[in-house]
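Residue-level listing of the chains:
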Amino acid sequence: MNDPKQIKASILEREKRYIGLTENISRELIIVLAQTTPKIVGGIFKKSSGKGGQFHKHDVEIICSICNKHSTIEKATIAEVQLCIQNERDQTPDMCTECSIKIQKEYETRMKLKEQQWEKEQPKREQEHLLHIEKRTDDFIKIYLNPKMSWNKGTKQYHRLQELYRSSVSTKQEQITEYIKNMEYNDFLNTPYWIAIAMQVKYKAGFACSLCNSLTGLATHHKTYDRHGKELSYWKEDLICLCNVCHKKFHNK
Ligand SMILES: [Zn+2]
Ligand SMILES: [Zn+2]
Ligand SMILES: [Zn+2]
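The rules we used
- Residues numbered from 1 in each chain as written.
- Chains lettered and ligands numbered in written order.
- Predicted model: local features only at pLDDT ≥ 70, side-chain atom pairs only at ≥ 80, totals over all residues.
- Helix = DSSP H or I, 4+ residues; strand = E, 2+ residues; numbered from the N terminus.
- Buried ≥ 20, exposed ≤ 12 C-beta atoms within 10 Å, placed from the backbone.
- Contact = placed C-beta atoms within 7 Å.
- Axes fitted to C-alpha atoms, helices over the stretch in contact; angles between N-to-C directions.
- Parallel < 35°, antiparallel > 145°, perpendicular 65-115°, else oblique.
- Left-handed = near helix turned anticlockwise from the far one by under 90°.
- Nonpolar A, V, L, I, M, F, W, Y, C, P; charged D, E, K, R; others polar.
- Pairing = 2+ DSSP bridges.
- Core = buried A, V, L, I, M, F, W, Y, C linked by C-beta atoms within 7 Å.
- Expected span 1.5 Å × (residues − 1).

Student: Looking at this structure, how should I read the overall build of the protein chain?
Tutor: Each helix and strand in the protein chain was counted, giving twelve helices and five strands. Counting every position in the protein chain, which comprises 253 residues, the buried fraction comes to 15%. Looking at the protein chain alone, contacts between residues at least 24 apart form 60% of all its contacts between residues at least 6 apart.

As C-alpha cells, this is what we get:
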C-alpha cells in the first residue's frame, strides 16, 4: 500500500463508501484526511443545511489492536474524531470497549498491588529513616562535640559554619542539646562546634568588643545559658563578643 496512486484511489473509494453512502468512516481514513485536508473538522463534519445547522456526525469504525475486532464509535462527536487523530500522533493503540475496560482493570489491579506493597514497606522505611537520623546525630556528636577533634587549618570560617549547619540537618536536636549540657564546660570550649561558633560571633562583631570597641583580649560570652546546647541556632541572640576587661564585669557580678 505504498504506491501514492493506489492510496489515493483507495481513499476515494472509501470516501464514497463511508462519507457519501453510509456516514461511517474508518479511523484510518480520518488520519489520511487529517493529513491532506487542513481543516479536518470541516472536511468530515459537514454542517447540515440551514442556519446554525448541527454538525453532521459520523460513525467511526476502528479495529481493536488487541483483539482485532471491528467496532464503531456511533455518531462520533468532533472531540472523539480529534481524539482518533491525537491517538495516531501519540501512537496510542485503538481498543474496543471490552479491551479498554480489561486493560483499565488490569492497570487498577497493578496499582492496587503497588499501593499495598508500598504500605507494607512503610514501617521498614520509617525504621530506616530513624536509623539514618540516629547515625547523623551520632556522627555530629563524634565529630563536632569532640574536644579531641579540630578544624582543618585551611577551612574558612564561613565554610566551618556551613558545615555545622549542614551536618545538623536530620539530627535529633534535643539529643545534641542534652549531650552539650552534660559536657564538662572546658571540654565544650574545645569542641569544633564551640570554636566555630565563638569565632563567628567575633567575626560578626568585627573583632572588637561590642561594649568598648577594644581590639584585644576578645572572648565570646554567653548572655544567657537558657539555650545552652542550641548555640548553632541562637548565637546571634545569646552570644556576644567582649574584651577581657568588659567580660570580667559580667562574671564578677
Ligand atoms: Zn478488543
Ligand atoms: Zn562569659
Ligand atoms: Zn570591652
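Here the narrative resumes, following the displayed structure.
Student: What's the story with the packing of helix H6 (residues 122–144) against helix H8 (residues 173–181) in this structure? I'm lost.
Tutor: Packed helix pairs are characterised by how far apart their axes lie and by the angle those axes make with each other. One way to put it is that H6 packs onto H8 with a least axis distance of 10 Å and a crossing angle of 25°. One element, H6, and the other, H8, form an angle in the roughly parallel class. For H6 against H8, the interelement crossing comes out right-handed. From H6, Thr137, Phe140 and Ile141 reach across to H8, where they touch Gln175, Ile176 and Tyr179. Here the residues of the contact of H6 with H8 sort into four nonpolar, two polar and no charged.

Student: Just checking my understanding: could you explain the pairing of strand E2 (residues 58–63) for this structure?
Tutor: Two faces make up the sheet, and in a regular strand the side chains alternate between them. Residue alternation in E2 divides its side chains into a buried set, His58, Val60 and Ile62, and an unburied set, Asp59, Glu61 and Ile63. Here E2 pairs with strand E3 (residues 70–76) via five bridges, running antiparallel. Counted as the bridge partner of Val60 is Ile73 from E3. The turn linking E2 back onto E3 is made up of six residues, and Asn68 within it adopts a positive phi angle of 65°.

Student: Sorry if this is basic, but what is going on with the nonpolar core here?
Tutor: In a soluble, globular protein the nonpolar side chains are often hidden away together inside. In this structure, Tyr193, Ile197, Val201, Trp235, Ile240 and Cys241 are the most contacted members of the largest nonpolar core, which totals 17 residues. Put simply, the parts of the chain that give this core at least two residues each are H6, H8, helix H10 (192–204), helix H11 (231–238) and strand E5 (239–243). For this core, the element with the most residues is H10, which contributes five residues. Ile197 has contacts with Glu231, Leu232 and Trp235, leaving out every residue within four places of it along the chain. Within the second largest apolar cluster, seven residues are counted, among which are Ile30, Ile62, Val81 and Cys84.

Student: What is the right way to read the packing of helix H7 (residues 157–168) against H10 from this model?
Tutor: The interhelical angle for the contact between H7 and H10, taken along N-to-C directions, is 130°, at an axis separation of 10 Å. Here H7 is positioned oblique relative to H10, judged by the angle of their axes. As for how H7 packs across H10, the hand of that crossing is left-handed. Of the residues in H10, those touching H7 at Gln157, Arg160, Leu161 and Leu164 are Tyr193, Ala196, Met199, Gln200 and Tyr203. Of the residues contributing to the contact of H7 with H10, the split by class is six nonpolar, two polar and one charged.

Student: Quick question: what am I supposed to make of helix H4 (residues 78–90) here?
Tutor: Residues that lie three or four places apart on an α-helix share one face, since the helix turns once every 3.6 residues. The end-to-end C-alpha distance of H4 is 18 Å, a good match for the 18 Å that 13 residues give at a rise of 1.5 Å each. Downstream of H4 by a residue or two, Gln91 has a phi angle that is positive, lying close to 60°.

Student: Whenever I open this one, unusual backbone geometry confuses me. Can you help?
Tutor: Apart from glycine, the bulk of residues carry a negative phi angle, and the bulk of peptide bonds sit in the trans form. We note that Ser170 has phi near 60°; this positive angle belongs to a residue other than glycine. Structurally, Ser170 is set in the loop between H7 and H8. Judged by local crowding, Ser170 falls into the exposed class, with 12 C-beta atoms found within 10 Å.

Student: Quick question: what am I supposed to make of the environment of Leu242 here?
Tutor: With respect to the secondary-structure elements, Leu242 resides in strand E5. The spacing of Leu242 and Lys202 is 40 residues in sequence and 8.5 Å in space, taken between C-alpha atoms. Excluding anything up to four places from it in sequence, Leu242 contacts Cys209, Ser210, Leu211, Ala219, His221 and His247.

Student: Explanation requested: helix H5 (residues 97–120) in the structure shown.
Tutor: Counted at 1.5 Å a residue, the expected span for H5 with its 24 residues is 34 Å, and the 34 Å between its end C-alpha atoms agrees. Across the 24 residues that make up H5, only a small minority, zero, are buried.

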